[in-house]
Amino acid sequence: MAVGDLSKTGEEKTATRGQSEVNRRLKYISLAVLVVQNASLILSIRYVRTLPGDRFFTTSAVVMAEVLKVLTCLVIILLQKRLNVKETVYFLIDVIVVQYKDTLKLAVPSLIYTLQNNLQYVAISNLPAATFQVTYQLKILTTALFSVLMLRKSLSRVQWISLLLLFAGVAIVQVQQEGNKEASVKDTSTQNYTVGLVAVVISCLSSGFAGVYFEKILKGSSASVWVRNVQLGIFGMVLGLLGLWWNDGAAVAERGFLFGYTSMVWCVIFNQAFGGLLVALVVKYADNILKGFATSFSIIVSTVTSIYLFGFHVDVLFTAGAGLVIGAVYMYSLPKAPAGSASASSSSSSSSTSEKTDIDAEMEAFLPKCPGKEKGS
């Protein structure tokens, strides 16, 4: 009997050790995916927007990315319904048409996300990739402020300090860029630093508001992440087409929707469409610290790549500003100090768990089971 118990205990330890190893590998994979997605999208957009020759319509790229995203989510829903087309159609009609009030809730965040996607193209077309990557971290500040104002969330002292450091770092980078515009933007005839800066600031504001608004209206919702992406994508396509008609309607009618599309442009669109869905999958295995580290590391990757790819000039001011931003991002992602009482701790834990319950359930069929996984916010 004792021998049997010892054998069972040994097997449990081996299984636990094996599961821990799997969990650790998944975290490293998550880190790599987050870094590559964060850096590659910005660098690739900057690259295709600075190439000589005919330029594609960014408004059409935004619409195309939404189309691909919706199609991908529809395929995933079909797989969840075991390839039963009839059941899938009835399900989609129910969640999108019959429950139209729930669907209409997503019109506002979809409008903001569509605006944000278009503004990102404007910003990256006019700013060096490294400068955009650093400045775009202001979305952490705007998201935090909107969370405090709209969701009554509380921030720790370390988080408030990190937000101040973040703002200071971005400000230093802007001072450096203002004094070095010619080195930062080679072709001033087609690129406008001020336009790029205004675009990225508005993008950060819209990103912060949309994220918090999205969280607020969907609290307690039972809809899956894939259904939500379909609903967002439907509005995104309609609003994107309106934006295309308003901004590039005559040019698109003359030259065609896919004018200027090259293999590299398609790579950018696929990255934009599937990158977000891929990140949604891997954050299941990435905690806040890992995501903060990934963001910080992607800034370094973007800066180093920009030096070789675009001739970007890095001086002491940029290094200091970017260093502050990287440190601030990491500080902000650190877990809050445990509250004095166990009840506060358990309350925080249960709240934290409930935020991801729906997503976790939906992804269970597509991701390997990992009992020790940590939550990403």
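Anyway, here's the lowdown on the structure attached to this text. (Residues numbered from 1 in each chain as written. Predicted model: local features only at pLDDT ≥ 70, side-chain atom pairs only at ≥ 80, totals over all residues. Heavy atoms only, no water.)

### Side note on the side chain of T114
- With respect to the helices and strands, the residue T114 is situated in helix 5 (residues 107-126).
- Here T114 is in contact with V62, G236, L239 and G240, once residues within four sequence places are set aside. (Helix = DSSP H or I, 4+ residues; strand = E, 2+ residues; numbered from the N terminus. Contact = heavy atoms within 4.5 Å.)

### Points about the environment of S147
- For S147, the location among the structural elements is in helix 7 (residues 138-150).
- Judged by its relative accessible area of 10%, S147 is buried.
- Distance in space between the C-alpha atoms of S147 and V212 is 6.0 Å, their sequence separation being 65 residues.
- When residues no more than four places from it in sequence are discounted, the contact partners of S147 are R152, K153 and V212. (Buried < 20%, exposed > 50% of the residue type's maximum accessible area, 1.4 Å probe, protein only.)

### A closer look at the pattern of salt bridges
- Applying the stated rule across the entire model yields three salt bridges.
- For D102, the salt bridge identified is with R228, shortest N-O distance 2.9 Å. A residue pair is termed long-range when its members are at least 10 positions apart, and D102 in helix 4 (residues 100-104) and R228 in helix 11 (residues 225-255) qualify at 126 residues.
- Note on D102: relative accessible area 19%, which makes it buried.
- Here R228 falls in the buried class, since its relative accessible area comes to 5%.
- Through salt bridges with shared partners, a single network forms among D102, K105 and R228. (Salt bridge = Lys/Arg side-chain N within 4 Å of Asp/Glu carboxyl O.)

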